[in-house]
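# Descriptive analysis of the structure
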Amino acid sequence: MNSILTSKWTKALVFLICLVPLGVLIWEAFNGGLGSNPTQFLEHATGDWTLRFVAITLAVTPLRKLLRQPQLIRFRRMLGLFAFFYGCCHLSVYLTFDQVFDLHGIYADVLKRRYITVGFTGFVLMIPLALTSTAGWIRRIGGKRWSMLHRLIYLTAVAGVIHFWWLVKSDIHLPVEYATVMAILLGWRVYEHYSKPARPARAATPARKEQTSVVPD
Amino acid sequence: MLVKRSPDLKYSDVTPRGIYLNRRNFLYGLGLASGLALAGKGLADLVSPPVRAYASTKLQGMSGSPFSTTEKITPEQVVTTYNNYYEFGTDKGDPAKNAQKFVTSPWMVSVEGECAKPRKFSMDEILKLAPLEERIYRHRCVEAWSIVVPWVGYSFSTIAKLVEPNSNAHYVAFESYFDKKQMPLWGRAGIDLPYVEGLRIDEAMHPLTLLGVGMYGETLPNQDGAPVRMVIPWKYGFKSVKSIVKIKFVKDQPPTTWNITNAHEYGFYSNVNPKVDHPRWSQAKEVRLPGFFKNTPTQMFNGYADQVASLYNGMDLKKNY
C-alpha cells in the first residue's frame, strides 16, 4: 500500500483523474451536452466540482489518520489546487457568460447580492492558499504559521455551502447534502482538537514524528 | 391599441426538428477550457445526441396571429428539455424525464366562481371552443433566461366569456393539477402544492393572454404543461400556470404559489421589468437560450408595453412587483 501511495505514477494518475470533470465538460460542449442553458450548466458543474474538491481536500487529513496512511498527505496540495482551479473556472464562466465582463454589473452583484458576496469571499480566501502552496513558502512562513494560514480553507468550505444554499429557489436538498459533508469534515477536526491528550505528553511521544513534517494539518 | 401585423409564418418555416447544436455557441464554450487541447471531431461524433420522446398530436388548421413576433424561434428541443415544473423535479431536466407517464386524458377544467354559468369543460370541448391560433411569443423567466415559443391556443377571454363573469369577478384564480402518485418528487419542490396563480380580471381578459393547448404545431408536451396552460407573455414565466384544472373568478386577490413561498422575491404582478431587480440578481439582461451570453437587454413588459402598459397606469411598479 505504502509503495503505491509513494509512487510518482500514482500522483500523476490522481492528477489526470482530477482533470476528468473538465474533460467531460469539454466533451459535452462539443456534443450539445450542455443542454438548453449552457452557461447555467457550466456554472453549476464547475461550482459543484469546486465544492467537491474542497471537501476531498478536507478529507485527506481525517482519512490519513483514520486509515493510518500518512502518505496520503502527498496528494493534499494537488487536491487543494484543483479546488482552486475549478473555483477559477466557476468564476470565469460567471464573468464571461453571465456578466459578459460588465464591470458595473459585477460590482453590483458582489456588493448587493449576498449569495455572490459570500461565494466571492470563499474564492478570494483560496487565493493566498494557492499562492503559498509551495514548499518554499512553507519554509519562508514557517510551518506553524503556514498551517494557521491554511485553515482559511475551513471558511471557504462554509462560504461555499452558504453560497449554494442561498442561490437555490426552494429545493434545498443538494445544499443540505454538501452542508452535511462539510459539517462532518469540520466536526471531526473540532473533535480531534478537544480529544487530544494534554500537550506535554504529546510532545514526548516520538512515534508522532510524521506530524511535524512541513505540511501540518 | 397598436398592433403591428407581422409577416405570416408557416409552421414549416419555424421548427428545426431534431437535434440542435449551435456551432458558434459551442466555440464560445471553448473559452472556458483555455489551454486544453480539443477533444477532436472524431471523438465528438461518437456520442449520440439526446432523444426527445413524448406523445404529441399534430394540431390542424391554425391561423397566424398579429401578436406574433418575428424573432427567431427557439429550437423545440430547448423548450422541451428545460422546464420549471417543480411537481416533476426541481432540476430543469427533470420534467422532461419524469413527466413522460403523466396522464392528461381524460381531462376536465372547471370554470367557476363569480360567474353566471359555471361549468366544466372537457379537453375536447376546449380544443373546439374557438379557432386555434399560432402565437409566437417571447417568454421571459424570472431567472433571467428567455425563449421564443410558437404557442397554439386562443385568447383566454374566449372561455371566460362563455361562463359570463359577474361584477364581483375582480380577479381570476388558477389551479394546477396535483397528484402525489403521479408526481412522486413533489416533496422536494419546496413550494406549496397544488400550484396556484392569479391575474387581475383586466389582465386575464386582455387579448394577449392566451389559453395554450399546444406549441410547435402540436399538443403540449407533458413537461410544458399539458394539456392546457396559460401564457401571459408580459409576465415572468411562473405566472403562466401549467396543467390547469380549475379557473375561478373571485372578488379578492387570490394567493399565488411563489408569492406564498417568498413574498419578498415574487410579487402578485410579476410583470417583466428590467428596472426592478430580483433581490438576488439583476433583471436588466437575459440570456436567449440556447445561447451562452446573458447580454440581451430585457424589455419593459417583455416587449409588450404598447399593448399592456395602460393596464398599470398610475401604479408604482417598484412596489407592485
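Residues numbered from 1 in each chain as written. Chains lettered and ligands numbered in written order. Predicted model: local features only at pLDDT ≥ 70, side-chain atom pairs only at ≥ 80, totals over all residues.

## As for the overall build of chain B
- In terms of helices and strands, chain B carries 10 helices and 12 strands.
- Contacts in chain B between residues far apart in sequence, at least 24 positions, make up 72% of those at least 6 positions apart. (Helix = DSSP H or I, 4+ residues; strand = E, 2+ residues; numbered from the N terminus. Contact = placed C-beta atoms within 7 Å.)

## Brief notes about the overall build of chain A
- In terms of regular secondary structure, chain A is built from 11 helices and zero strands.
- Helices (α) and strands (β) of chain A occur, in sequence order from the N terminus, as α-α-α-α-α-α-α-α-α-α-α.
- With 217 residues in all, chain A has 30% of them scored as buried.
- Relative to all contacts within chain A whose residues are 6 or more apart in sequence, the contacts with residues 24 or more apart total 68%. (Buried ≥ 20, exposed ≤ 12 C-beta atoms within 10 Å, placed from the backbone.)

## Topic: the packing of helix α3 (residues 38-66) of chain A against helix α9 (residues 152-167) of chain A
Residues and elements named next belong to chain A.
- The contact between α3 and α9 brings their axes to 10 Å, and the two run at 145 degrees. You can see that α3 and α9 cross each other, and the crossing is left-handed. For the pair α3 and α9, the contacting residues are Gly47, Thr50, Leu51, Val54, Thr57 and Leu58 in the first and Ile153, Thr156, Ala157, Gly160 and Phe164 in the second.
- Of the residues belonging to the contact of α3 with α9, the class tally is six nonpolar, five polar and no charged. (Axes fitted to C-alpha atoms, helices over the stretch in contact; angles between N-to-C directions. Left-handed = near helix turned anticlockwise from the far one by under 90°. Nonpolar A, V, L, I, M, F, W, Y, C, P; charged D, E, K, R; others polar.)

## Regarding the nonpolar core
Residues and elements named next belong to chain B.
- Formed by 59 residues in total, the largest nonpolar core has its most connected members in Trp151, Val172, Phe174, Met215, Met230, Trp234 and Ile244.
- A total of six residues in this core trace back to one element, the largest contributor, which is strand β4 (residues 145-155).
- Dropping the residues within four chain positions of it, valine 172 is found in contact with Gly198, Leu199, Ile201, Ala204, Ile247 and Phe249. (Core = buried A, V, L, I, M, F, W, Y, C linked by C-beta atoms within 7 Å.)

## Quick look at unusual backbone geometry
- At the junction of serine 105 of chain B and proline 106 of chain B, the peptide bond is cis and its omega measures out at 0 degrees in the coordinates.
- Inspection of the secondary structure assignment puts proline 106 of chain B in the loop between α5 (94-98) and β1 (108-113).
- In this structure, the amide linkage connecting alanine 226 of chain B to the following residue, proline 227 of chain B, adopts the cis form with an omega of -5 degrees.
- One can find proline 227 of chain B in the loop between β8 (218-219) and β9 (229-231).
- Of note in this structure, arginine 68 of chain A is not a glycine but carries a positive phi near 55 degrees.
- Tracing the chain through its elements places arginine 68 of chain A in the loop between α3 and α4 (76-98).
- With a phi angle near 40 degrees, serine 243 of chain B is a residue other than glycine that sits in the positive phi range.
- Among the secondary structure elements, serine 243 of chain B is positioned in the loop between β9 and β10 (244-250).

## Let's talk about the pairing of strand β11 (residues 285-288) of chain B
Residue and element names in this part refer to chain B.
- One ladder, built from two bridges, connects β4 with β11; its direction is parallel. Bridge pairing in β11 places serine 146 opposite arginine 288.
- Pairing analysis gives two bridges linking β11 to strand β12 (residues 296-297), with the strands arranged antiparallel. Among the inter-strand pairings, glutamate 286 is bridged to a residue of β12, identified as threonine 296. (Pairing = 2+ DSSP bridges.)

## Considerations on helix α7 (residues 156-163) of chain B
- Listed in full, the buried residues belonging to α7 of chain B are Phe156, Ala160 and Val163 of chain B. In a view along the axis of α7 of chain B, the buried residues occupy a sector of 60 degrees, so they form one face of it. (Arc of directions from axis to C-beta.)

## What to know about the sheet that holds β1 of chain B
All names here are of chain B.
- Here we have five strands laid out as an open sheet, ordered β2-β1-β10-β5-β6, and mixed in their pairing. On the outer flanks of this sheet lie β2 (119-122) and β6 (196-200), each paired with one strand and no other. Put simply, the sheet's adjacent strands are angled 20 degrees from each other on average, direction ignored.

## Examining the packing of helix α5 (residues 103-112) of chain A against helix α6 (residues 114-131) of chain A
Residue and element names in this part refer to chain A.
- For the pair α5 and α6, the least separation of the axes is 5 Å and the interaxial angle reads 95 degrees. When the axes of α5 and α6 are compared, the pair comes out roughly perpendicular. Taken together, the residues of α6 that come into contact with α5 (itself represented by Asp109, Val110 and Leu111) are Ile116, Thr117 and Phe120.
- Taken together, the residues of the contact of α5 with α6 break down into four nonpolar, one polar and one charged. (Parallel < 35°, antiparallel > 145°, perpendicular 65-115°, else oblique.)

## A few points about the confidence of the model for chain B
All names here are of chain B.
- With 83% of its residues at a pLDDT of at least 70, chain B reaches an overall mean of 87.
- In the model, residues 4-54 has pLDDT below 50 throughout and makes 61 contacts with residues more than four positions away in sequence or in other chains.
- Taken together, the chains of this predicted complex give a pTM of 0.84 and an interface ipTM of 0.84. (pLDDT = per-residue confidence, 0-100.)

## Observations concerning the pairing of strand β5 (residues 171-176) of chain B
All names here are of chain B.
- With six of six residues buried, β5 lies mostly within the body of the structure.
- Alternating residues of β5 divide into Tyr171, Ala173 and Glu175 and Val172, Phe174 and Ser176, and every residue in both groups is buried.
- Relative to β6, β5 is paired through five bridges, and the arrangement is antiparallel. Bridged to glutamate 175 within β6 is valine 196.

## Structural notes on the environment of proline 184 of chain B
- Position of proline 184 of chain B among the secondary structure elements: in the loop between β5 and β6.
- For the pair proline 184 of chain B and glycine 89 of chain B, spaced 95 residues apart in the sequence, the C-alpha separation amounts to 8.7 Å.

## A word on the environment of glycine 198 of chain B
Residue and element names in this part refer to chain B.
- By the secondary structure assignment, glycine 198 is in strand β6.
- Here the alpha-carbon distance between glycine 198 and tyrosine 236, two residues 38 residues apart in the chain, equals 13 Å.
- Contact partners of glycine 198, with chain neighbours within four places excluded, come to Tyr171, Val172, Ala173, Phe174, Gln253, Pro254, Thr256 and Phe268.

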